[in-house]
Amino acid sequence: MEIITTLINGLSIGGIYAMIALGYTMVYGIAKMLNFAHGDIIMVGGYTIYVFMNMTGHPLIAVAVAVVFCVLLGITIEKVAYKPLRGASPLAVLITAIGVSYLLQSLAQIVFGSAPKMVKIADMGVLKIGSLKIQNYTLLTLACSIVVMIALTLFVKFTKIGRAMLATSEDKAATQLMGIDVNNVITVTFAIGSALAALAGLFYLLKAPSISNTFGSMPGIKAFTAAVIGGIGSIPGAMLGGILLGIVECISYKIPAIAAYTDAIEFLILIVILLVKPTGILGKRRSEKV
Amino acid sequence: MSLKNKSLKYYYSTIIVAAFGLLSVILSMTIGLEKSTIYLLEKIVIAVILAVSLNLVVGFLGELSLGHAGFMCVGAYLGGKFAVIISSSLGNSALTLILSMLVGGTVAALCGILIGLPALRLKGDYLAIVTLGFGEIVKSIFQNTSRESFGGALGLETPRYNKDELFIYAFAVLIITLLVVQNLMNSKHGRAITSIRDNEIAARATGINVTKYKLMAFIISSFFAGVAGVLYSFSNYNIQSSKFGYNYSIEILVMVVLGGIGSINGSIIAATLITFINTEFATILTGNLAVLQNLLYAIILIVIVIYGNSPALSAFREKYDIKKLFDKFKKRDPSIIKEDKANWNNIPTKIPMDELLSVDVSNNDQNLDFDETDKGGK
């Protein structure tokens, strides 16, 4: 019984990681940059939910506003901070991304203070099957992440802009030659990634209803680990990596001896994967032309 | 390392720092400096050592390392613990300080090897995350230790060193750091390291041992970060692992970027400025306004990096290039290359050119018959 609960919890957390990892992997595959600020967009989404829950008290309105706000924020960050540096050295882009992340964290701290805030969204109750007790928000998270993953896969395969995204990640120059506006594609990528980040923020808040200005940095780094495990640049890879990481994390929490070192274990997994198979499980090998 | 061909201008900043240090020592011995001033000086020295060592990896090697605070943490804890252990026998003397610095620096350098080895295989983005992870792992390890070993959540108590003497030693360590880093960068090793930054594949193709130089940069950088950590632990009587997190690494990165990536003088100035502003403003702005300076640093970071690296702004940069403005100001035509002080007449070579050039090749009575080959055993 414990195993099933752990597994379901693991899948649910894995779903959240998969959603965040999708944002990382899409941006890396298409714009060839690591968006360090992605984790902080989760934090911004969470704070937006907090503000609108306090204002209206309707969870659905709060979530909808949060998603829209995060999408706009993601697009703005891309236009202001990342677009001027297209073609610049990767070190400069990385430092700028760190700057944006730091900016978001400081802004949140100025506006909301550094003390954690309580965000009570909804009490969803517990599902009981025999002796099995599953929290309903776990099931909701799981269901939503499955829906999102299926929707994204269909989007990327069957819509015009989705296929444009795939094409841009393979060869940006050739895509431009085909007459596709790559700027548009990158904007849509950031928009989808940020929307998913906002949803991930919602699910985190359902699980642990307290938010502070470093709310998003740990999930962001863990989701990056998930994206790397699955193969960065590959959408199915992000999903696989997220689920795997979620299961590993839940198993690790259940073992009391190593529970406190769960974060360190996940970093170690990252380092080991990067040394042993840097392209990840489903990643493609990129050869460097001289 | 011969000093014959190195002009003194390379060492201007070291000399200025040494002069400043001497001045403060004299002031402290004659009229006596306030405790807060001495503390500020110690903080500045530690910040400069950290900024210069990070510049070695970020600026000269071209790899982004976000775990610099982690090296400092390792050095601080291990050096501090070592000092606590041996101060029972050696007391609070200079020997304790020097030995602790060596121990802290060495352990941090070993961690530097630990980070340098993945760096050999990882590209920039991944290495940044790995170093970030390293910093967090170190922080959480020291936070979860027991009270007896490393103090755990309450922090480690370090021996109380004589404040007036500590900052003299800090300045001495700073001068040593500057000399080492500047000499390294002006030697063939430094040129190899910057060549790796500029084009790693070309460097490899030219025969430069990339592994050796990447490891060298990481080891030296983390050694000095560890030494700075030991100084920090002696300067503060209680060190908390929470201080050595991601935010501190970012602060050091801001110092490096603000001073100019790849410029040692720039990091000295920027580290001094930022530490000074931090300390002064901490007393003026309290609570949430103190966060305003974090925001400011983030904005400065973004603006400087975008302005300095954006391809779209290159025309704008050309117009307002500081060096060109300087040349115009001094009414100097930049196309005239300044006379180099290398003595072109006195360069020792092994080829006696005068003798060679005096050979008369128009002489035709040499036997230059090449048709008759020398068949062996004829």
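Residues numbered from 1 in each chain as written. Chains lettered and ligands numbered in written order. Predicted model: local features only at pLDDT ≥ 70, side-chain atom pairs only at ≥ 80, totals over all residues. Heavy atoms only, no water.

Chemist: Quick one: what's the story with the overall build of chain A, residue by residue and with numbers?
Modeler: If you tally the helices and strands in chain A, you get 11 helices and four strands. Against the globule reference of 19 Å for 290 residues, chain A gives a C-alpha radius of gyration of 19 Å, in line with a compact fold. Expressed as lengths along the three principal axes of its C-alpha atoms, the size of chain A is roughly 60 × 45 × 35 Å. Within chain A, the fraction of its 290 residues that count as buried is 53%. Contacts in chain A between residues far apart in sequence, at least 24 positions, make up 75% of those at least 6 positions apart. Counting only carbon and sulfur atoms, one obtains 70% of the accessible surface of chain A, whose full area is about 12600 Å². Side-chain charges in chain A split into 20 positive and 11 negative, and the spacing between the mean points of these groups amounts to 4 Å. (Helix = DSSP H or I, 4+ residues; strand = E, 2+ residues; numbered from the N terminus. Rg over C-alpha atoms; globule rule 2.2 N^0.38 Å. Buried < 20%, exposed > 50% of the residue type's maximum accessible area, 1.4 Å probe, protein only. Contact = heavy atoms within 4.5 Å. Areas by Shrake-Rupley, 256 points an atom, 1.4 Å probe, with all protein chains shown as cover. Lys, Arg positive; Asp, Glu negative; His and termini not counted. Charge placed at Lys NZ, Arg CZ, Asp CG, Glu CD.)

Chemist: Give me the interface of chain B and chain A: which residues, what numbers.
Modeler: Many analyses report the size of an interface as the accessible area lost when the parts associate. Every contact between the two is made by 42 residues of chain B and, on the other side, 44 residues of chain A. Buried surface at the junction of chain B and chain A, summed over both partners, amounts to about 3800 Å²; 77% is from carbon and sulfur atoms. Looking at the side of chain B facing chain A, the largest losses of area belong to B:D125, B:Y126 and B:I129, adding up to 17% of the total buried there. Viewed at the interface, chain A and chain B are joined by zero salt bridges. Seen at the junction of chain B and chain A, the total is one residue pair in polar contact (both at pLDDT 80 or more). Counting residues per element, the ones that place at least two in the side of chain B that touches chain A are α4 (94-121), α5 (124-143), α10 (246-259) and α12 (290-309) of chain B. For the side of chain B that touches chain A, the element with the highest residue contribution is α12(B), accounting for 11 residues. (Buried area = accessible area lost by both parts, 1.4 Å probe. Salt bridge = Lys/Arg side-chain N within 4 Å of Asp/Glu carboxyl O. Polar contact = N/O pair within 3.5 Å; in protein donor to acceptor, adjacent residues only side chain to side chain.)

Chemist: I'd love a proper account of the nonpolar core, names of residues and values included.
Modeler: Counting 189 residues, the largest nonpolar core has A:F36, A:I49 and B:L64 as its most contacted members. Considering each element in turn, this core owes the most residues, 17 residues, to helix α2 (residues 35-60) of chain B. A:F36 has contacts with A:Y24, A:L94, A:A97, A:I98, A:S101, B:L66, B:A128, B:I129, B:L132 and B:Y246, leaving out every residue within four places of it along the chain. (Core = buried A, V, L, I, M, F, W, Y, C linked by side-chain atoms within 4.5 Å.)

Chemist: Provide a residue-level description of the packing of aromatic side chains, including the pertinent values.
Modeler: Under the definition given, this model contains 14 aromatic pairs over all chains. Ring centres of A:Y24 and A:F224 lie 5.8 Å apart, and the angle between their planes is 70°; on these two criteria the pair is classed as edge-to-face. With A:Y24 in helix α1 (residues 2-31) and A:F224 in helix α9 (residues 217-230), the pair connects residues that are 200 residues apart, well separated along the chain. A:Y24 sits in the buried class, given a relative accessible area of 6%. Centre to centre, the rings of B:F167 and B:F171 are 6.3 Å apart; their planes meet at 70°, and the pair counts as edge-to-face. (Phe/Tyr/Trp six-rings, centres within 6.5 Å; stacked < 30°, edge-to-face > 60°.)

Chemist: Give a description of the pairing of strand β2 (residues 126-129) of chain A that names residues and reports values.
Modeler: All names here are of chain A. Inspection of the sheet shows β2 paired to strand β3 (residues 132-135) by four bridges, in the antiparallel sense. Looking across to β3, one finds that V126 is bridged to Q135. What sits between β2 and β3 in their antiparallel hairpin is a turn of two residues, with G130 showing a positive phi close to 65°. (Pairing = 2+ DSSP bridges.)

Chemist: How would you sum up the pattern of salt bridges? Please name residues and give values.
Modeler: Applying the stated criterion to the full structure yields eight salt bridges over all chains. As a salt-bridge pair, A:E249 and A:K222 come within 3.6 Å of each other at their nearest N and O atoms. Here A:K222 lies in helix α9 and A:E249 lies in helix α10 (residues 235-254), a separation of 27 residues in the sequence. Judged by relative accessible area, which is 4%, A:E249 ranks as buried. As a salt-bridge pair, B:R204 and B:E200 come within 2.7 Å of each other at their nearest N and O atoms. With B:R204 and B:E200 both in helix α8 (residues 200-205) and four residues apart, this pair spans about one turn of that helix. B:R204 sits in the partly exposed class, given a relative accessible area of 46%.

Chemist: Residues and numbers for the packing of α9(A) against helix α11 (residues 262-276) of chain A, please.
Modeler: All names here are of chain A. Two elements in contact, α9 and α11, have axes whose closest approach is 10 Å; the angle formed by their N-to-C orientations is 35°. Of the two possible hands of crossing, α9 and α11 adopt the one that is left-handed. On α11, the residues that touch M218, I221, K222, F224, T225, V228 and I229 of α9 are D263, E266, F267, I269, L270, I273 and L274. (Axes fitted to C-alpha atoms, helices over the stretch in contact; angles between N-to-C directions. Left-handed = near helix turned anticlockwise from the far one by under 90°.)

Chemist: Can you break down the packing of α2(B) against α10(B) residue by residue, with the values?
Modeler: Residue and element names in this part refer to chain B. The interhelical angle for the contact between α2 and α10, taken along N-to-C directions, is 75°, at an axis separation of 9 Å. Regarding the angle of α2 to α10, the classification is roughly perpendicular. Between α2, through A47, L50, A51, L54, N55 and V58, and α10, the contact on the second element is made entirely by Y248, I252, L253, M255 and V256. Classifying every residue of the contact of α2 with α10 gives 10 nonpolar, one polar and no charged. (Parallel < 35°, antiparallel > 145°, perpendicular 65-115°, else oblique. Nonpolar A, V, L, I, M, F, W, Y, C, P; charged D, E, K, R; others polar.)

Chemist: So what's going on with the environment of A:L240? Residues and values would help.
Modeler: Residue and element names in this part refer to chain A. Inspection of the secondary structure assignment puts L240 in helix α10. With a relative accessible area of 33%, L240 lands in the partly exposed category. Residue contacts for L240: discarding those within four places in its chain leaves I281 and L282.

Chemist: Please set out the environment of A:L282 residue by residue, giving values where relevant.
Modeler: All names here are of chain A. Within the secondary structure, L282 is located in the segment after α11. Taking relative accessible area as the criterion, L282 reaches 40% and is therefore assigned partly exposed. Residues L282 and G241 lie 41 residues apart in sequence; the distance between their C-alpha atoms is 9.1 Å. Setting aside anything within four residues of it in sequence, one finds L282 in contact with G230, G231, S234, P236, G237 and L240.

Chemist: Before we move on, could you go through a nonpolar patch on the surface and cite the residues and values that matter?
Modeler: There is a patch of nonpolar side chains on the surface, built from B:L90, B:L95, B:I98, B:L99 and B:L102 and spanning about 390 Å² of accessible area. Its location among the elements puts B:L102 in helix α4. (Patch = residues over 30% accessible without salt bridge, like charges linked within 9 Å, V, L, I, M, F, W, Y side chains within 5 Å.)

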